[in-house]
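One letter stands for each residue in the lines below.
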Amino acid sequence: MKRSGVNEIIREGDAFIRSFGYILPPFAYWSPEEMKRRGAESAGVFDARLGWDITDYGQGKFEELGLFLFTVRNGRFEDMSKGAGMLYAEKIMISRRDQISPMHRHVIKAEDIINRGGGKLVLELFMPDTEGGIDAHAEVSVPVDGTIRRLPAGGLLKLDPGESVTLLPGVWHAFWGEGGDVLIGEVSTVNDDLTDNIFRDPIGRFSEIEEDVEPAHLLVSDYGRWLAR
């Protein structure tokens, strides 16, 4: 992805989020230079990988295969084994109309996926088999706002604004917007995008960025390289 395109996606995404009355935290708007200046006092932002995350999964076709994410808060993955500490995370995301977030599962993370507004959010769901792969035959059973919904393998769950689904570790899911762009909330256990995403197809989690202009804001995938300068 070109950095100029990423900058524009961030600008458009921020406006879309604000249109629903959701305001991002102040660190969302720090420039790269301000992030460097605040490195010592705001290590929690960088250590928890909070912030902007624009991905085309390394495939170069964001409009068809991609996702806009912003991690608002996130605990420490190592605390999960202790059962104490900040064991939760929150993201706000945008799935554009017919833009697919590809089939994947999580090993550790349990998550609520919430339609916060816009079009319908469509999820294609599979249960895992005994080895963690996709079970092409098992019935899917997931809680939708506390009520169990049952679907055939590969069934499509459609959430209207205000509805949510709970996905436990191992449940395979892909999703996209139907009828319009969708603002998505994610409330979960601690999030680790470096190790806890298992994709059905051999794709990347983060985008390769072509630096055609300066970044308006850093992506979480930029932190290691840019903040070390």
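Details of the structure are given in the entry above.
Residues numbered from 1 in each chain as written. Predicted model: local features only at pLDDT ≥ 70, side-chain atom pairs only at ≥ 80, totals over all residues. Heavy atoms only, no water.

A. Quick peek at the side chain of Thr 71. Position of Thr 71 among the secondary structure elements: in strand β2 (residues 67-74). The exposure class assigned to Thr 71 is buried, which follows from its relative accessible area of 3%. Dropping the residues within four chain positions of it, Thr 71 is found in contact with Phe 27, Arg 49, Leu 50, Gly 51, Glu 90 and Lys 91. (Helix = DSSP H or I, 4+ residues; strand = E, 2+ residues; numbered from the N terminus. Buried < 20%, exposed > 50% of the residue type's maximum accessible area, 1.4 Å probe, protein only. Contact = heavy atoms within 4.5 Å.)

B. The arrangement of the packing of aromatic side chains in detail. A complete count under the given rule lists 7 aromatic pairs for this structure. Judged by centre distance (5.6 Å) and plane angle (25°), the rings of Phe 27 and Phe 70 are stacked. Residue Phe 27 is located in the loop between α1 (3-18) and α2 (32-37), and its partner Phe 70 is located in strand β2; the two are separated by 43 residues in the primary sequence. By relative accessible area, Phe 27 is classed as buried at 11%. Ring centres 5.9 Å apart and planes at 80° place the aromatic pair Trp 52 and Phe 68 in the edge-to-face group. Of this pair, Trp 52 sits in strand β1 (residues 51-55) while Phe 68 sits in strand β2, and the two are 16 residues apart along the sequence. Here Trp 52 and Phe 68 have matching classes, each one buried. Put simply, the rings of Phe 27, Trp 30, Trp 52, Phe 68 and Phe 70 pair up and form one aromatic cluster. Note that Arg 205 overlies the ring of Phe 206, its terminal NZ or CZ placed 4.7 Å from the centroid. (Phe/Tyr/Trp six-rings, centres within 6.5 Å; stacked < 30°, edge-to-face > 60°. Lys NZ or Arg CZ within 6 Å of the ring centre and 35° of its normal.)

C. Examining α1 more closely. A rise of 1.5 Å per residue sets the reference length of α1, with its 16 residues, at 22 Å; its end C-alpha atoms lie 23 Å apart and thus fit the reference within 8%. Looking only at α1, the buried set comprises Arg 3, Val 6, Asn 7, Ile 9, Ile 10, Gly 13, Asp 14 and Ile 17. Seen end-on, α1 carries its buried residues on one side only, within an arc spanning 160°. Of the surrounding secondary structure, the elements contacted by the buried residues of α1 are β1, β2, β3 (88-95), β11 (172-189) and α4 (223-226). (Expected span 1.5 Å × (residues − 1). Arc of directions from axis to C-beta.)

Keep in mind these numbers describe shape, not what the thing actually does.
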